[in-house]
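# Inside the fold
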Amino acid sequence: MFSKKRIELIIEKPAFKRACRVFEDSGVTGYTALPCMAGYGNGNRWQRGTDLSASRDMVMIISIVDEDLLPKITQQLENLIGAHIGVLSLADVQVIRDDRF
Amino acid sequence: MFSKKRIELIIEKPAFKRACRVFEDSGVTGYTALPCMAGYGNGNRWQRGTDLSASRDMVMIISIVDEDLLPKITQQLENLIGAHIGVLSLADVQVIRDDRF
Amino acid sequence: MFSKKRIELIIEKPAFKRACRVFEDSGVTGYTALPCMAGYGNGNRWQRGTDLSASRDMVMIISIVDEDLLPKITQQLENLIGAHIGVLSLADVQVIRDDRF
Amino acid sequence: MSLDLALSTILSPIVLFFVLGLFAALLRSQMTVPEAFAKGLAIYLMMAIGLKGGVEMSKATLGPDILILAAVAILLSFLIPFLAYNALRITSKMDRINAAATAGHYGSISIVTFVAATQALQYAGIVTSGYMVAIAALMEVPAIISALLLARRGLSKGGEVAGSEKGELFREVMLNASVVVLVGSLIIGWVTGEQGMEKISPFFVTPFQGVLCLFLLDMGLSAGRGLRQGWRDLNVGALSFGIYMPLISAAITAGICKALSMTLGDTALLITLAASASYIAVPAAMRLALPKAKPSIYLTLSLGVTFPFNLTLGIPLYILLAQWVVS
Amino acid sequence: MSLDLALSTILSPIVLFFVLGLFAALLRSQMTVPEAFAKGLAIYLMMAIGLKGGVEMSKATLGPDILILAAVAILLSFLIPFLAYNALRITSKMDRINAAATAGHYGSISIVTFVAATQALQYAGIVTSGYMVAIAALMEVPAIISALLLARRGLSKGGEVAGSEKGELFREVMLNASVVVLVGSLIIGWVTGEQGMEKISPFFVTPFQGVLCLFLLDMGLSAGRGLRQGWRDLNVGALSFGIYMPLISAAITAGICKALSMTLGDTALLITLAASASYIAVPAAMRLALPKAKPSIYLTLSLGVTFPFNLTLGIPLYILLAQWVVS
Amino acid sequence: MSLDLALSTILSPIVLFFVLGLFAALLRSQMTVPEAFAKGLAIYLMMAIGLKGGVEMSKATLGPDILILAAVAILLSFLIPFLAYNALRITSKMDRINAAATAGHYGSISIVTFVAATQALQYAGIVTSGYMVAIAALMEVPAIISALLLARRGLSKGGEVAGSEKGELFREVMLNASVVVLVGSLIIGWVTGEQGMEKISPFFVTPFQGVLCLFLLDMGLSAGRGLRQGWRDLNVGALSFGIYMPLISAAITAGICKALSMTLGDTALLITLAASASYIAVPAAMRLALPKAKPSIYLTLSLGVTFPFNLTLGIPLYILLAQWVVS
Ligand SMILES: Nc1ncnc2c1ncn2[C@@H]1O[C@H](COP(=O)(O)O)[C@@H](O)[C@H]1O
Ligand SMILES: Nc1ncnc2c1ncn2[C@@H]1O[C@H](COP(=O)(O)O)[C@@H](O)[C@H]1O
Ligand SMILES: Nc1ncnc2c1ncn2[C@@H]1O[C@H](COP(=O)(O)O)[C@@H](O)[C@H]1O
Ligand code: NA
Ligand code: NA
Ligand code: NA
């Protein structure tokens, strides 16, 4: 078992492509995005399908990365969620194959 | 980097609104819900779209919270999953902005 | 609070049923699957709904398990993602009811 | 001629597509009709029957009998669960809570069964009244109250579930999609009448039966999957309940219809409503109100046993029963 | 007779289903039309109006007036935001960025409002030109540029957002679903003409109004939910903007139409386009270009206030205005 | 006249909407038809062609030739992959596993290509047999077995993948949506005949071509995206395979049809089936059976190259070929 970091970024859908580029440019081996269906923040609720433009939807992006990549990627993501609605958190995970990430 | 807790609640959809109220009333800054598509527990499988009432669907609610809020919220969530089908787990995460949560 | 392990398997949808069987046969109390909507790996992007066969979709399976089950299950999952497209990671979580898992 | 009718109902494309879905699911085919698409079709179907009923209401003069009929329908929905509860407790060893939740499903109704009956009647040239759609809507909810009353004794007195809110069940139930769309469309059909309908009938009337085929394919898949997953949780007593209970409700309702001297078509429809069981509105309400009751029990019975029975054998039977009662 | 027209518009099934959805949402019903289904219907509707417009264009001879009209439409879309911005800044205390983003919505258009106006005109027997669909498409985008110009001063000079790419906004905006489908279908309708249309009109023409009912039920739900969630973020000045701004745009456009001596039908449609506000293309663009602007403000106004107003009272008013101007 | 036919096929709304989607995707438009909606339409289309074929079968008397034709079709599906495999290995440097998986796709069929050919033939007034739908269904699966046989040597002998179950591939393949719905609807159409069809034809027959337009818009988007993402994984040899392979299959099949002295319409359809490649059933099966093969290779070829080729140029060509062979 090897230690890696799990980046979890919840971000508004209109900024999804930007977030993808940030991940890709920072050299991660991959990431996976999941659709979100509802949420709450700042006293406001949102719900998917309520708004035809889908501009209030959120997506969650998960990426398992090597610790070495963290500084660069978190700095870029901080910039992103400085402009866009989003929540970022990091966690420790173990993986089986070290060279995969 | 600041240490926070990540609450992950997998709960049946009919109790979703109740779970939302629990989170909101306990003072979290926010939460995000994701749709689930299938699952297994107690020897039974369920699958989304199989049942027109959607009463067996599950949703996952994720909330990044400050440690201080944990006692109140876990007690309330324990009550909730005492009555409803659900699974609760907590994990340690790091965040960049302390005051966001 | 009791310590458990959270298994997170991101796997291609065509192998979803196989993954379910691996979990079920290894004796976990349950698991929950979530749909993914997009991703990136090996320089390639995929996106849900792009391909009518859905053969490039991914799903995420999450299972909270007791540490004792880990060796058996990770070995089986390693075999699975040896053949199929997938990413496996493990994390530490706390739960309230020990006997639930 | 009545056997003819039965056969033509069973061999209609609508029923055959249902059977196709049922078999595909029982044979473990992975095929699905996407949830969003099926739900969209369900809304279409409810709009269509609401509009149709409303337009017919706009053409008829409504007498006071309709109020009596409405009262009877509400009472039927309210009382059938008590009967069903006791039947279940006697013939299966089901516990209180599950028996109460299941009983609630049988007091309420299945709008698709209602539609299928309308189609069979129309095919047989038997006239029905537009307001029967309103009657159907009225029968959705009262049974839920009965289920709660029945379960009361079985419920722990441990206070409210965290996060519950006053009125949440009421709102869930009274404003669920089928009540909103059915009643709303009924009123719109009533207000705009035949003239308003003219422009939208190429969408809501002409292709109706075809859409029903597609929808019933999905219902067949759901019913088959429900049955395949759930039958292990049920004993023979419970499974047979899924078939004898509709027959009991049908028999009682037939008597009532005779007493009210209703027309042949309306008799057949009221019997069908009483004999049908809910699998959309009531399950959702039960998860909120009686979370200890198991969906695998009540959904398997109402969707996996009673619905297929009604759609294939039940409806022709109920029409024959109506013919026998009325004549 | 003109009051008749207003009444018949308001009491058409299309508008009534919208109102049904609006009320259901305001009463906090949980019912929804599945997102995927509603989006599918939206694509259908855009194909249908594109094709219809294209076929009509293939039958008419297009003079140079159409180029003048196109230029006027682009200018209207471009200039209305400047007016809207100043109106907002004066009547509400909205900050620069939010006022600019909101103003952009009012320069752009709502294709559903356009379709509803077409239906009302058709019902009243008033002829419209096929190329008005192209005009509608042309008015979608210019307002976005105005919004960016208006917001420029309010924007921090802090460099690009991480991950942004040159041309992303342009691609988002010029190739969004409604532009692609509308313009594409228009061209296909134009190329294949009446003959090509013949085989597909049972899908794209006959059931059109019925589909619109189902779609507007969903729009009502969206508008109601938008209003319920968002009105707290708005003061009276902002809320009233959602009603007076369409009237201002309508008045200005009416004058222009008179100057161009356009036909009655086209006048009514151009007025409607100018008075309508975007709630699909522009919100998405604003999240990219002006992420600091709050969706709860601009979406509540355009979808929750202006759209319902236009659909119920606005359209009959704009037709009356067109009649007054043309005669 | 035959050039006329080719032109009218290429300029039909169906093909034009496909091209619209293709270009939108190649220009990197973000627009999508929601997955659930497109899948719903796919089920509708399969029901419609199954029913149509079944009804036509109920009117015809089926001779023994149909059994011979069925055997030939199965053989074609089974044998074409061996040809395709060797062609691929020679013209591109593709490895065994990927070549085998790709070859499997070309033995199987594309039901949408089949439908488009039916439309073109119908437009040209050429009669086809109802049972060709059954033939299409028969050709879906055998090619998968061939692919497995071809890949056998390239497979590691390392035992089963964890979690695999006996018969899973068989169930996946034999009971996939398109087989279930096509065959099921064919039987239902056959059983209920013209009379049963009457009530549902306003849904399944009249709007069919229009629905096809909407569906092909989505197919165009998929094909364009597949091509844009995948072409880098393919060399010129592989890419050209996507065009010359259908032509080879077409030529061989044309000869067989002549030998069987089939009618013009059926000849054109069998050629089209042989020349078409699967992009739904086979990719899903290959992920299970040959997970080492890359979807970016076989999907790009079958959906991104062969499908667009067949839809635009292939079908008119195959009809001309059939005319030449039969006359
Ligand atoms: N480091 C990662 N973190 C999260 N998901 C990943 C990662 N790498 C790959 N994936 C997912 O696995 C899929 C296949 O990746 P690959 O096997 O690298 O082609 C990708 O499309 C992603 O959805
Ligand atoms: N503490 C949190 N945990 C998880 N998700 C959150 C949290 N705070 C905000 N969110 C998500 O981010 C969205 C925007 O939040 P906000 O920026 O606070 O308005 C919310 O609607 C949630 O979906
Ligand atoms: N250990 C687990 N890990 C993740 N999800 C679980 C687990 N156990 C149960 N679930 C989810 O909770 C649902 C109900 O489980 P149960 O209460 O055991 O019937 C299952 O269908 C799963 O979706
Ligand atoms: Na009942
Ligand atoms: Na405007
Ligand atoms: Na083929």
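Residues numbered from 1 in each chain as written. Chains lettered and ligands numbered in written order. Predicted model: local features only at pLDDT ≥ 70, side-chain atom pairs only at ≥ 80, totals over all residues. Heavy atoms only, no water.

Residue and element names in this part refer to chain D. For helix α12 (residues 236-259), spanning 24 residues, the distance from its first C-alpha to its last is 35 Å, which sits close to the expected 34 Å at 1.5 Å a residue. Of all the bends found along α12, the most pronounced is centred on G242 and spans about 40 degrees, while P246, a proline, follows it within four residues. Within α12 the residues assigned to the buried category are G237, A238, F241, G242, M245, P246, S249, A250, T253, A254 and C257. Where α12 is buried, its residues touch α4 (65-91), α5 (96-107), α13 (264-275) and α15 (295-326). Sitting at the amino-terminal end of α12 is N235, which places a side-chain oxygen 3.2 Å from the backbone nitrogen of G237. (Helix = DSSP H or I, 4+ residues; strand = E, 2+ residues; numbered from the N terminus. Expected span 1.5 Å × (residues − 1). Bend = angle between axes of the 7 residues up to and from the residue. Buried < 20%, exposed > 50% of the residue type's maximum accessible area, 1.4 Å probe, protein only. Contact = heavy atoms within 4.5 Å. Polar contact = N/O pair within 3.5 Å; in protein donor to acceptor, adjacent residues only side chain to side chain.)

Residue and element names in this part refer to chain D. Distances from the sodium ion (ligand 4) to its protein donors, Y106 (O), S108 (O), L273 (O), A274 (O) and S276 (O), fall within 2.4 to 3.0 Å. Between the donor residues of the sodium ion (ligand 4), the gaps in sequence give the motif Y-x1-S-x164-L-A-x1-S. Here S108 is found in the loop between α5 and α6 (111-123), whereas its partner L273 is found in helix α13, with 165 residues between them in sequence. A single burial state applies to S108 and to L273, both of which are buried. (Donors = N, O, S within 2.8 Å, 3.2 Å for Na, K, Ca; no water.)

This part covers the packing of aromatic side chains. One pass over the structure, following the stated rule, counts 34 aromatic pairs over all chains. Ring centres of F37 of chain D and F37 of chain F lie 6.1 Å apart, and the angle between their planes is 70 degrees; this geometry places the pair in the edge-to-face category. Placement of the pair is F37 of chain D in helix α3 (residues 35-59) and F37 of chain F in helix α3 (residues 35-59), with the two residues belonging to separate chains. Residues F37 of chain D and F37 of chain F agree in their burial class; the two are buried. Note on Y279 of chain D and F307 of chain D: the rings are 5.3 Å apart at their centroids and 75 degrees apart in plane angle, and the pair reads as edge-to-face. Residue Y279 of chain D is found in the loop between α13 and α14 (281-289), and its partner F307 of chain D is found in helix α15; the two are separated by 28 residues along the sequence. Comparing Y279 of chain D with F307 of chain D, the two get one shared label, buried. By way of ring pairs, the aromatic residues Y44, F203, F204 and F208 of chain F are connected into one cluster. (Phe/Tyr/Trp six-rings, centres within 6.5 Å; stacked < 30°, edge-to-face > 60°.)

All names here are of chain E. Closest axis-to-axis distance for the helix α5 (residues 96-107)/helix α15 (residues 295-326) pair is 8 Å, and the angle between their directions is 35 degrees. Crossing handedness for the pair α5 and α15: right-handed. The residues of α15 that touch α5, namely those facing N98, A101, T102, H105 and Y106, are I297, Y298, L301, S302 and T306. Class assignment for the residues of the contact of α5 with α15 results in five nonpolar, five polar and no charged. (Axes fitted to C-alpha atoms, helices over the stretch in contact; angles between N-to-C directions. Left-handed = near helix turned anticlockwise from the far one by under 90°. Nonpolar A, V, L, I, M, F, W, Y, C, P; charged D, E, K, R; others polar.)

Interpretation note: all reported values are geometric properties and have no functional meaning in isolation.
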